[in-house]
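Topology and contacts: notes
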Amino acid sequence: MRTRHLGTALLTTGALLLTTAACAANDGADTSGAPAQPRTVKAVDGCGQGSWTDPSDLAADREPARCASGAPAPVKLDRTRKLTIATGTLSAEYVAPLEMAVEKGEFKKEGLDVTLKVLPTPDALPLLAKGDIDAQWAAPEAAVMNGILSGFDIKWVAGNFSPDPRSKSGLWVRLKNGESASRVSMAGRKMGTMIGKGSVISYPMNTALKKHGGGLDKVQFQQLGSADVLTALQNGGVDSAWLLDPVWRKVDGDAHYAFLGGQPLGEPLGGLLFGPNLLSEDPDAGVAFLRAYIRTVNTYFAGDYKKDPAFVTELATLLKTDKKVLESTPSLRMDWEIRAGTTDRLQKAYAAAGVAKGDALPESRTVDRKLYEEAVGHKP
């Protein structure tokens with residue numbers, strides 16, 4: 001059974017995390033995750049009141065934080081730091097701000113020599129905890145939470161994006177006779193997904209399922225390759241599926257299918273994870289990295305960036321994808337901030353899916369907003 005295989009994989013990952021955590025704890029490194037002294041936060045030109053929003057504001061129509069284009073201005077470090085950032089892919093649109101920052105030299109302006117390295121989360125996580133890589137462009141998945149519980153000095157330090165209200169990336173169901181989007185029962189259905197139960201998508205998936213009599217514990221999961229999810233939904237191999245951009249466009253408008261919900265609007269579920277290198281050993285470099293990332297968002301991704309055909313062409317070249325594919329879905333709402341309680345809600349979903357280990361971690365153990373707040377000059 002695929003569920004058994006998934007559980008075995010998670011147990012193996014957990015064992016690896018525990019082993020690496022023990023090694024990290026014994027190498028003499030500071031695992032406190034806090035700078036030795038309080039850092040001075042100064043006002044930043046171009047980053048006014050709108051450059052920070054209240055984390056407790058969970059409104060779906062919340063405007064993401066923004067500074068002026070080109071802000072925050074670079075503050076070059078006294079010496080060049082070489083940083084390696086792991087990412088699961090270099091072709092997805094949500095990675096574009098990092099790639100654009102490299103392309104436009106935004107990291108270099110800060111005195112950072114940044115390399116983006118493709119690594120899946122299970123492989124990158126132990127390296128991040130040990131300091132062999134400096135950051136990870138990923139999400140606070142179950143493996144991350146379990147790693148922190150095991151002693152890893154890792155925190156979520158910046159968000160990535162939330163969907164446009166027009167997006168229908170998420171849970172789709174093939175309707176039976178007499179069913180409609182507002183009247184469909186998900187209990188007992190077979191769901192096809194390329195994402196395991198330990199992914200952050202478990203949170204919005206569980207929310208959508210519960211609205212229709214289901215839940216992560218009431219559906220059968222069939223993990224499929226990215227090219228097979230849609231095919232399985234269309235040929236009856238599965239009853240429902242979590243369809244990503246731009247795959248959902250293939251069934252949008254077809255009366256045989258219904259969209260039941262996706263990622264919460266206004267709430268990023270991923271972004272940057274820092275390990276000990278940037279959290280405690282060299283927070284100056286951590287702030288510099290976030291400053292370059294935030295400046296890239298403000299300069300190139302502040303609004304509906306797909307309205308500019310020339311920029312979409314540039315973006316398609318950067319991501320090595322088809323321009324028409326990019327244009328087929330709405331712009332992402334790039335957002336570097338982290339909402340209050342997101343990791344609490346994620347951990348509840350992981351518990352419901354049976355992939356959490358131990359008690360839930362408080363947000364103080366999983367999230368650090370101080371570095372991006374310093375980058376925009378916000379004093380708590």
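Data block above holds the structure.
Residues numbered from 1 in each chain as written. Predicted model: local features only at pLDDT ≥ 70, side-chain atom pairs only at ≥ 80, totals over all residues. Heavy atoms only, no water.

As for the pattern of salt bridges
The test is simple: By salt bridge we mean one thing: a side-chain nitrogen of Lys or Arg within 4 Å of a carboxyl oxygen of Asp or Glu. Helix and strand definitions here come from DSSP, where helices need a minimum of 4 consecutive H or I residues and strands a minimum of 2 consecutive E residues; each element is numbered from the N-terminal end. Remark: exposure states derive from per-residue accessible area (1.4 Å probe, protein chains only) relative to the maximum for the residue type, with buried under 20%, exposed over 50%, and partly exposed in between.
Scanning the entire structure with this criterion turns up 20 salt bridges. Between Arg295 and Glu106 there is a salt bridge; the shortest N-O distance is 2.7 Å. One end of the pair, Arg295, is in helix H9 (residues 283–300); the other, Glu106, is in helix H3 (residues 106–109), and 189 residues separate them in sequence. You'll find Arg295 and Glu106 in the same group, each marked buried.

Considerations on the state of the cysteines
Condition: Cysteine sulfur pairs qualify as disulfides if the two atoms are within 2.5 Å.
Within this structure, the stated rule accounts for 1 disulfide. In this model, Cys47 is linked to Cys67 through a disulfide, with the two sulfur atoms separated by 2.2 Å. Taking the torsion about the sulfur-sulfur bond, which here is approximately 110 degrees, the covalent link between Cys47 and Cys67 counts as right-handed. With a gap of 20 residues between them, Cys47 in the loop between helix H1 (2–25) and strand E1 (81–87) and Cys67 in the loop between H1 and E1 connect regions that are remote in the sequence. Under the relative-accessibility criterion, Cys67 is labelled buried at 10%.

Remarks on the nonpolar core
Within soluble globular proteins, side chains that are nonpolar tend to cluster in buried spots. Quick note on the threshold: Remark: nonpolar core denotes a set of buried residues (Ala, Val, Leu, Ile, Met, Phe, Trp, Tyr, Cys) joined through side-chain atoms within 4.5 Å. It only takes one pair of heavy atoms within 4.5 Å for two residues to be counted as in contact.
Membership of the largest hydrophobic core comes to 97 residues, with the highest contact counts inside it found for Leu272, Phe274, Phe289 and Tyr293. Top contributing element to this core by residue count: H9, with 9 residues. Apart from residues lying up to four places away in sequence, Phe274 is in contact with Leu128, Asp134, Ala135, Asp153, Ile154, Lys155, Val157, Leu279, Gly286, Phe289, Leu290 and Leu371. Trp172, Leu233, Val251 and Tyr257 belong to the second largest nonpolar core, which has 12 residues in total.

Things to note about a negative patch on the surface
What counts here: Two distance rules govern patches: like charges are joined within 9 Å, and nonpolar side chains (Val, Leu, Ile, Met, Phe, Trp, Tyr) within 5 Å, applied only to residues with over 30% relative accessible area and no salt bridge. Methods summary: accessible areas were calculated by the Shrake-Rupley approach with a probe of 1.4 Å, and residue burial reflects only the protein chains presented. We treat Lys and Arg as the positive residues and Asp and Glu as the negative residues; His and chain ends play no part in the count. Each charge is placed at NZ for Lys, CZ for Arg, CG for Asp and CD for Glu.
A contiguous patch of negative charge, built from Asp54, Asp57, Asp61 and Glu63, is present on the exposed surface. Among the secondary structure elements, Asp61 is positioned in the loop between H1 and E1.

Some details on unusual backbone geometry
Backbone torsion omega between Ala71 and Pro72 reads -5 degrees, so that peptide bond is classified as cis. Relative to the helices and strands, Pro72 is located in the loop between H1 and E1. A cis geometry characterises the amide bond from Asp245 onward to Pro246, with omega recorded as -10 degrees. Although it is not a glycine, Lys320 adopts a positive phi angle of roughly 55 degrees. With respect to the secondary-structure elements, Lys320 resides in the loop between helix H10 (309–319) and helix H11 (323–327).

Quick look at the packing of aromatic side chains
The following threshold applies: Planes of paired rings set the category: under 30 degrees apart is stacked, over 60 is edge-to-face and the rest tilted, where pairs are Phe, Tyr or Trp rings (Trp by its six-membered ring) whose centres lie within 6.5 Å.
In total, this model carries 9 aromatic pairs according to the counting rule given. Each ring, one from Tyr94 and one from Phe161, has its centre 6.0 Å from the other, and the planes form 25 degrees; the classification is stacked. Linking Tyr94 in the loop between E1 and helix H2 (96–103) with Phe161 in strand E5 (residues 161–162), this pair joins segments that are 67 residues apart in sequence. Put simply, the rings of Tyr300, Phe301, Tyr305 and Phe311 touch in pairs and so form one group of aromatic residues.

Quick look at the sheet that holds E1
The following threshold applies: In this scheme, strands are said to pair when DSSP sees at least two bridges between them. Angular values range over 0 to 180 degrees, each being the angle between N-to-C directions of two axes fitted as lines to C-alpha atoms, with helices fitted over their stretch in contact.
Read across the sheet, 5 strands follow the order E2-E1-E3-E11-E4 without closing on themselves; strand pairing throughout is mixed. The open sheet has two free edges, formed respectively by strand E2 (112–118) and strand E4 (155–159), since each of these has just one partner strand. On average, each strand axis in the sheet is inclined to that of its neighbour by 30 degrees, with strand direction left out of account. Two elements, E1 and E2, share 7 bridges in a ladder whose sense is parallel. Residue pairing in the sheet places Arg81 in a bridge with Leu112 of E2. Along the sheet face, H2 touches E1, E2 and strand E3 (135–138) and points at about 140 degrees away from the line of E2.

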